[in-house]
Amino acid sequence: MRPITKFLKEHPAVRIILKTSNEPKEILQEGSDISVVLNDEMPLSGVRYRIGTFTSGIYANPSILKIASSVSYPEQLNDQPIIIQHGNASSWKLISSEGKEYKVRSKNWFFQTDTTQAALKAAREGFGFELLPIPLGDSEPNFIRVLPEWTGIRREVSAITSSRNTSGAAKSFITYIKSEFAKGN
């Protein structure tokens, strides 16, 4: 939201309608000028503008760390309460800094949602460990990053338009969010 609100302040004549969905079939339906997607699926009709990539880290509210046993290895997360975002099923795919892969298959997931904001709220309330985009997790003042040598898979962020003939405002917005993303905002 930070890049959107900053853009609107700089361009007060532009209007943005924000809709969120985890269904790729909804991309660019209903006449949207731009869809920002966090996956590699591309609609057959549309133009992709690469914004950047991000990885996720494992975060927890200190209150969950008080009741959870010490977590030093990803295998230990299988017995811990975790928060699942829709699309992750009941597992997280993690990659170590040395390139090793591990799939956390929690037996104790507590909460499942289809939005990052709901997962963030649940993590703030101490319902479990959460896999969050690193800039978002690092910006949370009360979160502790667990197993910092392990991350989620790298995800691509793209803006998709219905054609190359996009409006000036849409082109400005794509350029703006690409710049903000590169800064880590």
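Here's a quick rundown of the structure. This one's a predicted model, so the numbers in the text were calculated from it and none came from an experiment.

### Some words on unusual backbone geometry
Stage number 1. Of note in the backbone geometry, L147 takes a positive phi value of approximately 50° without being a glycine.
Stage number 2. Mapping L147 onto the fold places it in the loop between β9 (144–146) and β10 (150–152).
Stage number 3. L147 gets classed as buried once you look at its relative accessible area, which sits at 5%.

### A few points about a nonpolar patch on the surface
Stage number 1. Among the surface-exposed residues, M1, I16 and L18 lie close enough to one another that they form a single nonpolar patch of about 300 Å² accessible area.
Stage number 2. Within the secondary structure layout, M1 lies in the segment before α1 (2–10).

### Some points on the pairing of strand β5 (residues 91–96)
Stage number 1. Where β5 meets strand β6 (residues 101–105), five bridges bridge the pair, whose relative direction is antiparallel. In the strand pairing of β6, L94 is matched with Y102.
Stage number 2. Counting the residues between successive antiparallel strands, the hairpin from β5 to β6 contains four residues, one of them, G99, with a positive phi of roughly 95°.
Stage number 3. In the sheet, β5 pairs with β10 via three bridges, with the strands oriented antiparallel. If you follow I95 over to β10, its bridge partner there is T151.

### A closer look at the side chain of S96
Stage number 1. Examined against the element boundaries, S96 turns out to sit in strand β5.
Stage number 2. Judged by relative accessible area, which is 6%, S96 ranks as buried.
Stage number 3. Not counting the four nearest positions on each side in its chain, S96 is found in contact with E149 and W150.

### Looking at the sheet that holds strand β8 (residues 130–133)
Stage number 1. The three strands are arranged β8-β3-β9 in an open sheet whose pairing can be described as antiparallel. Because the sheet does not close on itself, it has two edges, and the strands there are β8 and β9. Here the average twist between neighbouring strands, direction ignored, is 55°.
Stage number 2. Sheet topology note: the strand β3 (residues 56–60)/β9 ladder contains three bridges and is antiparallel. Within β9, the residue paired with A60 across the bridge is I144.

### Here we look at the sheet that holds β5
Within a sheet, adjacent strands bond to each other through the backbone by hydrogen bonds, running parallel or antiparallel.
Stage number 1. As summarised here, the arrangement of the three strands in space is β6-β5-β10, forming an open sheet in which the pairing is antiparallel. Two strands close off the open sheet at either side, each with one partner strand: β6 and β10. In this sheet, adjacent strand axes meet at a mean angle of 35° when their direction is disregarded.

### What about the pattern of salt bridges?
Stage number 1. Counted according to the given criterion, the structure contains seven salt bridges.
Stage number 2. Between E125 and K121 there is a salt bridge whose closest N-O contact spans 3.1 Å.
Stage number 3. Measuring nitrogen to oxygen at the nearest pair gives 2.8 Å for the salt bridge that ties E140 to R124. Of this pair, E140 sits in the loop between α4 (134–139) and β9 while R124 sits in helix α3 (residues 116–124); the two residues are 16 residues apart in sequence, bridging distant segments of the chain.

Rules used throughout
- Residues numbered from 1 in each chain as written.
- Predicted model: local features only at pLDDT ≥ 70, side-chain atom pairs only at ≥ 80, totals over all residues.
- Heavy atoms only, no water.
- Helix = DSSP H or I, 4+ residues; strand = E, 2+ residues; numbered from the N terminus.
- Buried < 20%, exposed > 50% of the residue type's maximum accessible area, 1.4 Å probe, protein only.
- Patch = residues over 30% accessible without salt bridge, like charges linked within 9 Å, V, L, I, M, F, W, Y side chains within 5 Å.
- Areas by Shrake-Rupley, 256 points an atom, 1.4 Å probe, with all protein chains shown as cover.
- Salt bridge = Lys/Arg side-chain N within 4 Å of Asp/Glu carboxyl O.
- Pairing = 2+ DSSP bridges.
- Contact = heavy atoms within 4.5 Å.
- Axes fitted to C-alpha atoms, helices over the stretch in contact; angles between N-to-C directions.

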